[in-house]
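Take a look at the letters that make up each chain.
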Amino acid sequence: SSTCGGETEDGPAAFAGATRPYLRAVPDLDPNGVAWCAISPRYRWTESWSAAQMAEVLRRTLGANGLSMARANDLTEMRVLDRTGTGRIATLELTGRNGRTAVSGQAIRRVLAPTAGGMLRSTDFTVKLGRRGGKIERVTIEGRGYGHGVGMCQYGAIGRARAGQDYQTILTSYFPGTLVSRIY
């Protein structure tokens, strides 16, 4: 991924079947406790939608991801049901007057698309709902990282290289239990 936010993600937490032993979460912090990828322009970020913008995004994305379109028109709550071992959101629940819709895994990034298009930067975020009279007026997400978080963090690798780590140290840090060797 581009920017892990200070800890990579377990393979199966992001992708079904990504059970390789070297695709496991690892802390990605320098000796001072600072994320190696803190140099990334996407390390910390915020997305915000008015109620009308969120409804328009949900109308565009829910059905495209095989989810009920009902929440696009009656969203009253958005809450985290479950987080992965690294703190990323595993399941997000959208609640409306007539029911609930659970969004899981990387579908969260596709459903909560920024108004400018594309996918939400990562699933490592918190949700803040601005309300007036009990009705949602604004949805704000504050997050860190960019991408799924599995495997090598590109900006983390840059930070490590700038600190003097060689490619073998970098690769084996992101893919624990592996051995880098020449095969030709």
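Residues numbered from 1 in each chain as written. Predicted model: local features only at pLDDT ≥ 70, side-chain atom pairs only at ≥ 80, totals over all residues. Heavy atoms only, no water.

### A closer look at the overall build of the protein chain
Of regular secondary structure, the protein chain possesses six helices and six strands. Along the chain direction, N to C, the helices and strands of the protein chain fall in the order α-β-α-α-β-β-β-α-β-β-α-α. For the protein chain, the C-alpha atoms occupy an extent of roughly 60 × 30 × 25 Å along the three principal directions. Looking at the protein chain as a whole, 43% of its 184 residues are labelled buried. Sequence-distant contacts, at least 24 apart, represent 56% of the contacts inside the protein chain between residues at least 6 apart. (Helix = DSSP H or I, 4+ residues; strand = E, 2+ residues; numbered from the N terminus. Buried < 20%, exposed > 50% of the residue type's maximum accessible area, 1.4 Å probe, protein only. Contact = heavy atoms within 4.5 Å.)

### Points about the sheet that holds strand 5 (residues 125-132)
Spatially, three strands are ordered 1-6-5 in an open sheet, and the strand pairing comes out antiparallel. Among the strands making up the open sheet, the edge pair consists of strand 1 (44-50) and strand 5. Neighbour-to-neighbour, the strand axes of this sheet turn through a mean angle of 15°, independent of strand direction. Bridging between strand 1 and strand 6 (residues 135-144) involves seven bridges; their strand directions are antiparallel. Within strand 6, the residue paired with Ser50 across the bridge is Arg138. (Pairing = 2+ DSSP bridges. Axes fitted to C-alpha atoms, helices over the stretch in contact; angles between N-to-C directions.)

### Some thoughts on the packing of helix 5 (residues 154-162) against helix 6 (residues 167-174)
Contact geometry of helix 5 with helix 6 gives a least axis separation of 10 Å together with a crossing angle of 145°. In this structure, helix 5 crosses over helix 6, and the sense of that crossing is right-handed. Residue-level inspection shows Gly156, Ala157, Arg160 and Ala161 of helix 5 in contact with helix 6, the latter providing Ile170, Ser173 and Tyr174. Considering only residue class, the contact of helix 5 with helix 6 consists of four nonpolar, two polar and one charged. (Left-handed = near helix turned anticlockwise from the far one by under 90°. Nonpolar A, V, L, I, M, F, W, Y, C, P; charged D, E, K, R; others polar.)

### Some words on the environment of Tyr155
Topologically, Tyr155 is positioned in helix 5. Placed 69 residues apart in sequence, Tyr155 and Thr86 show a C-alpha to C-alpha distance of 18 Å. Among all residues touching Tyr155, those that are not within four sequence positions of it are Ser2, Thr3, Trp36, Cys37, Ile39, Ser40 and Pro41.

### A word on the pattern of salt bridges
One pass over the structure, following the stated rule, counts 11 salt bridges. Ionic pairing is found between Arg60 and Glu56, a salt bridge with its closest N-O pair at 3.4 Å. With a gap of four residues between them, Arg60 and Glu56 both fall in helix 2 (residues 51-61), about one helical turn apart. What makes Arg60 partly exposed here is its relative accessible area of 40%. With a relative accessible area of 37%, Glu56 lands in the partly exposed category. Put simply, Asp74 and Arg71 hold a salt bridge, and the shortest N to O gap is 3.1 Å. Highlighted residues: Asp74 and Arg71, both in helix 3 (residues 70-74), separated by three residues, approximately one helical turn. In this structure, Asp74 and Arg71 share a single accessibility class: buried. One salt-bridge network, held together by shared partners, links Arg79, Glu93 and Arg100. (Salt bridge = Lys/Arg side-chain N within 4 Å of Asp/Glu carboxyl O.)

### Overview of the nonpolar core
Side chains that are nonpolar tend, in soluble globular proteins, to be buried together. In terms of nonpolar packing, the biggest core is built from 23 residues, with Trp49, Met54, Leu58, Met78, Leu94, Leu112 and Phe125 touching the most fellow members. Listing elements by their share of this core, those giving two or more residues are strand 1, helix 2, strand 2 (75-83), strand 3 (89-96), helix 4 (107-111) and strand 6. The residues touching Trp49, leaving out its near neighbours within four places in the chain, are Met54, Val57, Leu112, Ala113, Pro114, Thr115, Leu120, Glu137, Arg138, Val139 and Ile141. By size, the runner-up hydrophobic cluster in this structure holds eight residues, among which are Cys4, Ala35, Ala157 and Tyr174. (Core = buried A, V, L, I, M, F, W, Y, C linked by side-chain atoms within 4.5 Å.)

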